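These are the residues of each chain, in order.
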Amino acid sequence: MKPQAHELFPTPLWSVDLPPADAGPLNARLGAEIEKMIAPRPKTPSGSNWQTPQDLHNRPAFAEFVKLVELAAVNVAKDLQVEQYPMMITGCWANINPPGSYHPTHNHPNNYLSGVYYVAVPETGSHLVLQDPRPGILMPRSKLGRFTANVAVAPVQAGRMVFFPSWLRHHVPSNEGSTDRVSIAFNLMFTNFAETISAPMWEPSAPSA
Ligand SMILES: [Fe+2]
């Protein structure tokens, strides 16, 4: 009499790995562009990372990358049965995490899908941590397992692109490797909403709350 467990309310994380033959040259080009943007490298306090402006999707040097994001996003939208509603990239920026740096917990309000593409990943200690959004984390438990863990770890590697719902809180643990972790993050939102509701909030003249 062993009851069958049914998994309810799954939270999706999509990943796609570019073929290594494509990822290598693409990452070399992206890495060079990002290096150009950060030269000379600013001094960052120990433990902190460095980000580019959030408009990479509007820069010709990243057009090839943007195309890849848009193509993958269409397939994610199909899984969510919303492919008939046009979406746009609302922000796209590079993160450079030197050894010892991390990125604290956050999510991406006013967006529908968020994602990250990995340009360079240290040999060790690189992953993305997604946090369980359900209040079940308060349940008593003695071990962390499939039904009891309150975080999920997504391993990452150069050439991998991941997507997840923008409401899903996540963080990046400290870079335990000896080289920089370089990634490009992006958000997507339904074009109509982004242009008529969220964009006005981003105007410099809007009152800050
Ligand atoms: Fe994020």
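You'll find the structure just up there.
Definitions and cut-offs
Residues numbered from 1 in each chain as written. Predicted model: local features only at pLDDT ≥ 70, side-chain atom pairs only at ≥ 80, totals over all residues. Heavy atoms only, no water. Helix = DSSP H or I, 4+ residues; strand = E, 2+ residues; numbered from the N terminus. Rg over C-alpha atoms; globule rule 2.2 N^0.38 Å. Buried < 20%, exposed > 50% of the residue type's maximum accessible area, 1.4 Å probe, protein only. Areas by Shrake-Rupley, 256 points an atom, 1.4 Å probe, with all protein chains shown as cover. Lys, Arg positive; Asp, Glu negative; His and termini not counted. Charge placed at Lys NZ, Arg CZ, Asp CG, Glu CD. Donors = N, O, S within 2.8 Å, 3.2 Å for Na, K, Ca; no water. 1 Å grid on protein atoms, 1.4 Å probe; cavity = no way out; pocket = protein on both sides within 12 Å on 5 of 7 lines; lining within 4 Å. Points joined across faces, edges and corners; volume = space filled by probe spheres on them. Nonpolar A, V, L, I, M, F, W, Y, C, P; charged D, E, K, R; others polar. Core = buried A, V, L, I, M, F, W, Y, C linked by side-chain atoms within 4.5 Å. Contact = heavy atoms within 4.5 Å.

J.: Help me out: how do you make sense of the overall build of the protein chain in this one?
T.: What the protein chain contains, in helices and strands, is three helices and ten strands. In the protein chain, the succession of helices and strands from N to C terminus is β-α-β-α-β-β-β-β-β-β-β-β-α. Against the globule reference of 17 Å for 209 residues, the protein chain gives a C-alpha radius of gyration of 18 Å, in line with a compact fold. For the C-alpha atoms alone, the extent of the protein chain along its principal axes is close to 65 × 45 × 40 Å. Counting all 209 residues of the protein chain, 38% fall into the buried class. For the protein chain, the exposed surface amounts to about 12500 Å²; the carbon and sulfur share of it is 59%. A gap of 8 Å separates the mean positions of the 15 positive and 16 negative side-chain charges of the protein chain.

J.: It is not clear to me how the environment of Asp22 should be interpreted in this structure. Could you clarify?
T.: Turning to its location among the elements, Asp22 is positioned in helix H1 (residues 20–38). For the pair Asp22 and Pro99, spaced 77 residues apart in sequence, the C-alpha separation works out to 27 Å.

J.: What exactly am I supposed to notice about the coordination of the iron ion here?
T.: Protein coordination at the iron ion comes from His106 (NE2), His108 (NE2) and His170 (NE2), with a distance range of 2.1 to 2.2 Å. Considered as a linear motif, the donors of the iron ion on their single chain read H-x1-H-x61-H. In this pair, His106 is assigned in strand S4 (residues 103–106) and His170 in strand S9 (residues 170–172), connecting sequence segments 64 residues apart. For the pair His106 and His170, a shared accessibility class is recorded, and that class is buried.

J.: How should the layout of surface pockets be read in this particular structure?
T.: To find the voids left in a structure, one rolls a probe of water-molecule size over its atoms. Counted as a void, the largest pocket has a volume near 660 Å³. Forming the boundary of the largest pocket are 24 residues, of which Pro10, Thr11, Asp132, Arg134 and Arg146 lie nearest the centre. Going through the elements one at a time, strand S6 (127–131) and strand S7 (151–155) are the ones with two or more residues in the lining of the largest pocket. In terms of residues, the lining of the largest pocket owes the most to one element, S7, which gives four residues. Its residues placed into classes, the lining of the largest pocket shows 14 nonpolar, six polar and four charged. Empty space within the second largest pocket amounts to approximately 250 Å³.

J.: Hey, could you run me through the nonpolar core in this one?
T.: Side chains of nonpolar character tend, in soluble globular proteins, to be buried together. Ranked by size, the top nonpolar core spans 29 residues in total, and within it Phe65, Tyr117, Phe163 and Ile184 carry the most contacts. Among the elements of the structure, H1, helix H2 (63–79), strand S3 (87–97), strand S5 (113–120), strand S8 (160–165) and strand S10 (181–190) are those that each provide at least two residues to this core. Counting residues per element, this core draws most heavily on H2, at six residues. When sequence neighbours within four positions are dropped, the list of residues in contact with Phe163 reads Pro12, Leu13, Trp14, Val69, Ala72, Ala73, Val76, Ser114, Gly115, Phe186 and Leu188. By size, the runner-up hydrophobic cluster in this structure holds ten residues, among which are Ala154, Val162, Phe164 and Val172.

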